[in-house]
Every structure is written in structure tokens, then in C-alpha cells.
Amino acid sequence: MEPNDQPEKPLISSKVDAFFLSIYDIFRFISRFFREVLRPPLEVQEFIRQCFMVGYKSLALISLTGFITGLVFTKQSRPSLAEFGATSWLPSLISIAVIRALAPLVTALICAGKVGSSIGAELASMKVTEQIDAMEVSAINPFKYLVVTRILACTVCLPLLMSYTAVVGMMGSYLDIHLNEQTSFIAFMNKAFANISFLDLASSFFKSVCFGFTIGVVSCYQGFNATQGTTGVGKAANVSVVISMFLIFIEEVVIVQIVNSIR
Amino acid sequence: MKPFTPEIDWNDKVISVRGLYKSFGSNHVLRGVDLDLFKGENIVVLGRSGTGKSVLIKIIAGLLKPDAGTVNVLGQEVPELGSTALRELRLKIGFCFQNGALYDSMTVGENLAFPLKRNNPKMSADQRRRLIDIVLDAVGLSQTVNQMPAELSGGQRKRIGIARTLILRPEIMLYDEPTAGLDPITCTEINTLINEVQKRFKTSSIIITHDLTCARATGDKIAVMKEGAFIRKGDFDAVFSENDDELIREFYDYNFIQ
């Protein structure tokens, strides 16, 4: 019997098999990342270029959304607090909301949309036009050059962008409070940070690292394993965003539960 | 018709493929392929689209794993090589993709410098520039060094693709459809370039095509593939003198009568 003619029997059913195989494949992808990230040579130039693409190129969008988030959240919260004569609590309410939840989540969602889709589409188009194969046959490790640098850049840049979003969000909030209550900047900051603990800052930072890693892994995996020509490019970009956002919300719930149990 | 190539060393096999099988799901692409490539020789693999020609050279380059069979390249069994050994072997194999597979985000010069920087980090920028000039001159496109791939024509992209593989001085060249989608004049230029590369860089080549003009101009030997296996091998005249097979007859009629 020829090797080709051996019948292929699914273990459970072809769809269930495919699901578990893809899970196995993702874990192999992640373990390869950790193996390659520690192995020299480090692709420093490409890593810096990716940090520029992920971090610097997202600043304008992050500034706008962060500022508006802080401003609008303050505007929406004021009437409820005003009913109890508690508008003086606005700075601490906003700072808790922004630092604990809004800044990490807004940054991650914006980056999942902007960075995730661009990485997914870029790698997928390189895959379908055989540019990744061309690297492979030129004795270049495409995983290290393309995937490791992008995942690292997302993981490093997301916490920095989150910190920036938090600052810009607080500025939006201060603008609204200053215009309505004539609160000084120092008084605003004193009130805002009175209820913020180290755990709040650390958990937000940790969340952003997880979100960045997730966006990097999901978008690189989708792009690197794209098929079906140009249709595959669109699909990789789309699936990168959808799965990244889905996982970000799941991680948010899990990390909040863990942090609340520590608090 | 390609003239006789005296440089071929019939005692030195650079590629030896035996009993190669490859399937993708229920699609059996290769069914027991045997092939020998001698030093300095150009073999043309002819066949209809989807008969497994590209899969064959991707297995030879280690991009795909075979289901069964042996693939010996320059004395090494490709499917058994680890990643480091495979990377070292690949430095001796040049692979020219159908559409050039140039890196879109880099200029032509950067495309050529990229494999050099990665594989010879100690090479100076001057040495790199000299090598780039040599290979660009070899493919006749010195003026494109600062252009982006998107600004090049299909034929130019293919020639730059060939230049990018030549820059690492490979011993073996694998061409995937080098003349597909090109006008007859550009096809002739590419065919001439393939022969020049064989002579000037002393390479052995496997050329995948379904273009008989390309096969006749570049092949020292022709191997016709049908349904995942070779049905005939030999020089051009020997293969096409007996057109008893329907595929060979149709190929010949389409290319030279239509």
C-alpha cells in the first residue's frame, strides 16, 4: 500500500479534532516565542522599529480617546454625585475608574483594533505572497525576525501607552472639573491620588502587559498562519481584532477577581 | 534548443530524490517521485498546474516535509535536518519564487542587502554594496537599486528575485515558474538569464514551468510530471519525439501549433 493511500480517521470528529489541534498549535506558537526570545542574536533594530509602530504611531489616537474618556466620564458622573452634594468626590471617583479599569481597557481595545489588525494583515500578506518563505529559504529565521519582535513590542509598549492614557484621561477629567468647580490642579491631584494604592497601579500595569502579549500573540499567530490568498489577509486582520478583544475582556474579569481577592 | 552544456559533472549528484510522497488531506500531490540533478545541470520539470511541481521543490528546499521518501541535497537528508543544519544548507540553495516574493517594505537594494546582513553580520557596508552591484549587473537592473518593489514590472521583480538568491552564491537554484505571466520578449530575457546564471555562477538548477519555450531554452534535461509522478525524462527531443501520451501531445500542440 502506498503511504498516500492510508485512510485518515478522525479521533473524535474532524471539527473537534481541528479545534484541539488549533489549541495545541497556539501553545506550540507561544512556547516557540519563549524559546526564541532568549536565543541570540537579538533583533534589536526591528524591535525598536516595531516599538515605534506600536507605541509612537498609536499616540494620536490614544490621546484623543483617553482625553475624551476622562472628560465624558466626569460629565456623566457629575449629576449622580450632585444629587448627594458629593461633587467633591469626583476626582477620586474618576482616578479610581481611570487607573483601575478605563485606561488599561481603552488602551488595549484601541491597540487591538489598530495594532492587531495591522500586524495580522501585514504578516498575512507576507505569508500569501511567499515573503515569509523567501526569508526561510534565505536562511533567515522569520519567526524571530517578524513574530518575536512584534510580540515583544506589543508587550513593552502597552503598559507605557496605558500610563499615558491614564495621564491624558485625568487631564480630560481635570478640565471638566476645573471649568465647573474651579478646582486647582494641585487640589485635584491630591484628591485624585488619595485613594489610589500601589496595588491599583501594579495591577493596571500587569493587566496591560497581559493585554499587550495577547494582542501580539493573537495577531502574529493569525498572520503567520494565514491561508487562502488575499481573502486570508482580510480574515487574519479581522480575526486578530475579534479574538484579541474577546480575550482582553476575559483577562480583565480574571485579573479583577484575583486583585479583589488580594485587596 | 539549448546547446550541449560541457560543464555538467555526471559523476556528482547534487540532488537525489527517491520515492517521494506528499498529500494535503485527501489530495495526493506526489506519488513516488524519483529525480537526480547532477552538478552544473539544468533540469526542467514540466507539467500542468496542480500536479505537484512546486511542492517538489518546496520539499527539496525544506519548506515542506514529505510523507515518505528520501531527499538528499549536497549529501544531506533534508527531512532529517535540524533547524540549524537546515539553515546552513539553505545558504547553498537559491529559491526563486513565482512572483519574486520581494519584501514590499524594502527598496531593491535593501532586499538584496537583507540576506547578507543576516547571514554575514561582519561584512562591511562597502563589501555589501559591491556584491549588490555585481548581482544587479548580472540581472541587468543596476538602475533599480533605490526603487520599491511596487514600482517594478513583473519581469523586473522576477529578475530582482533571482539577484537576491544569487547574492548568497548558491550552488543550486530552484526556479518556480520563472516565465509565468510574462510577455514573450521578457520570457526570452529570463531564459537567457537562467542560462547565464548557470554558466557564470556554476549553478545546478531545477526549473518548474509549463512553458515549453522556456523548457527548450533552459533545460539540459526535461522531466514531465503527470498526476504526481514523472512519466518521461530525457532531453527535449527525446521527450517530445514520441508523443504517444495525451499530456505530452497536448503540451506540444498548444505551445508550438497554437
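Parameters at a glance
- Residues numbered from 1 in each chain as written.
- Chains lettered and ligands numbered in written order.
- Predicted model: local features only at pLDDT ≥ 70, side-chain atom pairs only at ≥ 80, totals over all residues.
- Helix = DSSP H or I, 4+ residues; strand = E, 2+ residues; numbered from the N terminus.
- Rg over C-alpha atoms; globule rule 2.2 N^0.38 Å.
- Buried ≥ 20, exposed ≤ 12 C-beta atoms within 10 Å, placed from the backbone.
- Contact = placed C-beta atoms within 7 Å.
- Pairing = 2+ DSSP bridges.
- Axes fitted to C-alpha atoms, helices over the stretch in contact; angles between N-to-C directions.
- Parallel < 35°, antiparallel > 145°, perpendicular 65-115°, else oblique.
- Left-handed = near helix turned anticlockwise from the far one by under 90°.
- Nonpolar A, V, L, I, M, F, W, Y, C, P; charged D, E, K, R; others polar.
- pLDDT = per-residue confidence, 0-100.
- Expected span 1.5 Å × (residues − 1).
- Core = buried A, V, L, I, M, F, W, Y, C linked by C-beta atoms within 7 Å.

**Some remarks on the overall build of chain B**
Right, on to step 1. Looking only at helices and strands, chain B has 9 helices and 10 strands in total.
Right, on to step 2. A compact globule built from 258 residues should have a C-alpha radius of gyration of about 18 Å, and chain B, at 18 Å, falls within 12% of that.
Right, on to step 3. For chain B, the spread of C-alpha atoms along the principal axes amounts to about 55 × 45 × 40 Å.
Right, on to step 4. For chain B, the proportion of its 258 residues judged to be buried stands at 43%.
Right, on to step 5. Considering only intrachain contacts with a sequence separation of at least 6, the fraction spanning at least 24 residues in chain B is 67%.

**Thoughts on the overall build of chain A**
Right, on to step 1. A tally of regular secondary structure across chain A gives 9 helices and 0 strands.
Right, on to step 2. Starting at the N terminus and ending at the C terminus, chain A contains elements arranged as α-α-α-α-α-α-α-α-α.
Right, on to step 3. Based on the C-alpha atoms only, the size of chain A along its principal axes is roughly 85 × 45 × 35 Å.
Right, on to step 4. Burial analysis of chain A (263 residues in total) assigns 40% to the buried set.
Right, on to step 5. Nonlocal contacts in chain A, meaning residues at least 24 apart in sequence, comprise 88% of its contacts between residues at least 6 apart.

**Points about the sheet that holds strand β7 (residues 172-176) of chain B**
All names here are of chain B.
Right, on to step 1. Ordered by their spatial adjacency, 6 strands build an open sheet running β6-β7-β8-β3-β9-β10, and the pairing between neighbours is mixed. Where the open sheet ends on each side, the last strands, each with one partner, are β6 (93-96) and β10 (229-234). For this sheet, the mean angle separating the axes of adjacent strands, direction not counted, is 15°.
Right, on to step 2. Note: β6 against β7, 4 bridges, orientation parallel. Residue pairing for β7: Gly94 is matched across the bridge by Met173.
Right, on to step 3. Of the strands in this sheet, β3 (42-47), β7 and β8 (204-209) touch helix α6 (residues 184-200), which is tilted by about 165° from β8.

**Observations regarding the packing of helix α6 (residues 142-181) of chain A against helix α8 (residues 198-224) of chain A**
All names here are of chain A.
Right, on to step 1. Two elements in contact, α6 and α8, have axes whose closest approach is 7 Å; the angle formed by their N-to-C orientations is 150°. Classed by the angle they form, the pair α6 and α8 counts as roughly antiparallel. The chirality of how α6 crosses α8 is right-handed. Contact residues: Val147, Arg150, Ile151, Cys154, Thr155, Cys157, Leu158, Pro159 and Met162 in α6; Ser204, Phe205, Ser208, Val209, Phe211, Gly212, Phe213, Ile215, Gly216, Val217, Cys220 and Phe224 in α8.

**A closer look at the packing of helix α5 (residues 154-166) of chain B against α6 of chain B**
All names here are of chain B.
Right, on to step 1. Relative to each other, α5 and α6 sit at 10°, their axes nearing to 10 Å. Relative to α6, the element α5 lies roughly parallel. Across from Gly155, Lys158, Arg159, Ile162 and Leu166 in α5, the residues of α6 making contact are Thr186, Glu189, Ile190, Leu193 and Val197.
Right, on to step 2. Partitioned by chemical class, the residues of the contact of α5 with α6 number 5 nonpolar, 2 polar and 3 charged.

**Concerning the interface of chain B and chain A**
Right, on to step 1. Between chain B and chain A, the residue contacts involve 21 residues of the former and 13 residues of the latter.
Right, on to step 2. Elements with a minimum of two residues in the side of chain B that touches chain A: β1 (9-24), β2 (27-39), α2 (83-90), β6 and α3 (108-119) of chain B.
Right, on to step 3. Counting residues per element, the side of chain B that touches chain A draws most heavily on α3 of chain B, at 3 residues.
Right, on to step 4. The residue inventory of the side of chain B that touches chain A, partitioned by class, reads 12 nonpolar, 4 polar and 5 charged.

**What about the sheet that holds strand β4 (residues 68-73) of chain B?**
Residue and element names in this part refer to chain B.
Right, on to step 1. Spatially, the 4 strands line up as an open sheet ordered β2-β1-β4-β5, and their pairing is antiparallel. The open sheet has two edge strands with one neighbour each: β2 and β5 (76-77).
Right, on to step 2. In terms of strand pairing, β1 meets β2 through 10 bridges, oriented antiparallel. Its bridge partner being in β2, Tyr21 is matched across the sheet by Arg31.

**Thoughts on the environment of Thr165 of chain A**
Residues and elements named next belong to chain A.
Right, on to step 1. In this fold, Thr165 is placed in helix α6.
Right, on to step 2. Through-space distance from the C-alpha of Thr165 to that of Val242 is 22 Å; in sequence the pair is 77 residues apart.
Right, on to step 3. Every residue in contact with Thr165, bar those within four places of it in the chain, is listed here: Ile62, Gly66, Ala103, Val106 and Thr107.

**Considering the confidence of the model for chain B**
All names here are of chain B.
Right, on to step 1. Looking at chain B as a whole, its pLDDT mean stands at 87, while 96% of the residues score no less than 70.
Right, on to step 2. Considering each helix and strand of chain B separately, the mean pLDDT is smallest for helix α9 (residues 246-256), with a value of 71, and largest for β4, with 93.
Right, on to step 3. Across the interface, the model reports ipTM at 0.86; the global pTM reads 0.86.

**Some remarks on helix α1 (residues 14-37) of chain A**
Right, on to step 1. In this model, α1 of chain A (24 residues) spans 34 Å end to end at C-alpha, consistent with the 34 Å of a helix rising 1.5 Å per residue.
Right, on to step 2. Counted residue by residue, α1 of chain A has 1 buried out of 24 residues, so it is predominantly exposed.

**A look at unusual backbone geometry**
All names here are of chain B.
Right, on to step 1. The backbone of Ala101 shows a phi angle near 50°, a positive value even though the residue is not glycine.
Right, on to step 2. Looking at where Ala101 falls in the secondary structure, it is placed in the loop between β6 and α3.
Right, on to step 3. The phi angle at Lys202 is positive, at roughly 55°, despite the residue not being glycine.
Right, on to step 4. In this fold, Lys202 is placed in the loop between α6 and β8.
Right, on to step 5. When the 12 C-beta atoms within 10 Å are taken as the criterion, Lys202 is described as exposed.

**So, the environment of Ala134 of chain A**
Right, on to step 1. Looking at the secondary structure, you find Ala134 of chain A in helix α5 (residues 131-137).
Right, on to step 2. Sequence-wise, Ala134 of chain A and Gly223 of chain A are 89 residues apart; in three dimensions their C-alpha atoms are separated by 16 Å.
Right, on to step 3. Leave out the neighbours within four places in its chain, and Ala134 of chain A touches Phe97 and Ala101 of chain B.

**With respect to the nonpolar core**
Nonpolar side chains in soluble globular proteins generally cluster together in the buried interior.
Right, on to step 1. Judged by nonpolar contacts, the single largest core of 126 residues is most densely connected at Val45, Ile60, Ala163 and Leu174 of chain B.
Right, on to step 2. For this core, the leading source of residues is helix α4 (residues 90-128) of chain A, giving 18 residues.
Right, on to step 3. Setting aside anything within four residues of it in sequence, one finds Val45 of chain B in contact with Lys53, Leu56, Ile206, Ile208, Ala223 and Met225 of chain B.

**Section: the environment of Tyr175 of chain B**
Residues and elements named next belong to chain B.
Right, on to step 1. You can see Tyr175 is positioned in strand β7.
Right, on to step 2. For the pair formed by Tyr175 and Cys96, sequence separation is 79 residues and the distance between their alpha carbons is 4.8 Å.
Right, on to step 3. Every residue in contact with Tyr175, bar those within four places of it in the chain, is listed here: Cys96, Ile194, Ser205, Ile207 and Ile208.

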